[in-house]
Amino acid sequence: MEKPTINNAQPDFDDAGSKGIRALQLLRAGSFQFGIFADEIATIVAWREPTPLPYAPPTVLGVLSIQGRMLTVLDFARLRGLEGDLADRATQNIVALRGDEQLALAVDALGETVQLAAADLNTAKETSEALVRGVLHLEGTDIYLLNLKELFPTAIQGHERRRRRF
């Protein structure tokens with residue numbers, strides 16, 4: 001079986017040359033369909049078991065080195081409250097995200113990459129949930145656009161971060 005990978009070397013999709021078109025990578029974790037803009041993804045790799053972290057909340061699966069970066073791998077299905085043991089699901093990929101927080105998401109399936117115009121994004125339904133930017137309706141399915149800035153705070157909710165003591 002071929003390892004799926006997506007490598008995004010371009011710095012930003014919102015450059016002047018993009019003409020308002022953005023690529024959205026569709027993904028599934030448990031029964032939850034969601035999308036992440038391609039420019040927010042560093043790479044997608046086949047599943048490897050992360051090294052567990054002691055005292056981490058159940059949403060944090062552990063750490064893993066991808067492309068020379070140590071990333072914290074989050075169980076996105078659990079993060080969404082879709083309980084179920086990871087062993088019962090067919091987690092097949094890890095989505096390494098861009099950004100200073102160095103996060104990755106465990107996902108069950110990769111969908112297609114769709115091109116969205118600015119007008120499509122303007123029609124996305126608003127939501128009160130911090131983790132979701134909006135909801136797009138594509139081909140009869142609701143696709144939740146993730147707000148990646150809220151991933152880490154949502155994952156450690158109720159757990160205090162370790163502090164350095166001087």
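Look above for the structure.
Residues numbered from 1 in each chain as written. Predicted model: local features only at pLDDT ≥ 70, side-chain atom pairs only at ≥ 80, totals over all residues. Heavy atoms only, no water.

### Focus on the side chain of Asp-75
- On the secondary structure map, Asp-75 appears in strand E6 (residues 69-75).
- At 3.3 Å, the side chain of Asp-75 and the backbone nitrogen of Ala-77 are in polar contact. (Helix = DSSP H or I, 4+ residues; strand = E, 2+ residues; numbered from the N terminus. Polar contact = N/O pair within 3.5 Å; in protein donor to acceptor, adjacent residues only side chain to side chain.)

### Some points on the pairing of E6
- Within E6, 5 of the 7 residues are buried, which leaves the element mostly enclosed by the surrounding structure.
- As defined by bridge partners, strand E5 (residues 60-66) adjoins E6 across 6 bridges and the pair is classed as antiparallel. If you follow Gly-62 over to E6, its bridge partner there is Val-73.
- Looking at chain direction, E6 and strand E8 (residues 103-107) are connected through 4 bridges and run parallel. Pairing of Asp-75 across the sheet is with Ala-106, part of E8. (Buried < 20%, exposed > 50% of the residue type's maximum accessible area, 1.4 Å probe, protein only. Pairing = 2+ DSSP bridges.)

### Description of the environment of Gln-92
- Positionally, Gln-92 belongs in the loop between helix H1 (76-79) and strand E7 (93-97).
- Exposure remark for Gln-92: the relative accessible area of 41% places this residue in the partly exposed category.
- Put simply, Gln-92 and Val-107 are 15 residues apart on the chain and 6.5 Å apart in space, counted from C-alpha to C-alpha.
- Excluding anything up to four places from it in sequence, Gln-92 contacts Val-45, Ala-46, Trp-47, Val-107 and Asp-108. (Contact = heavy atoms within 4.5 Å.)

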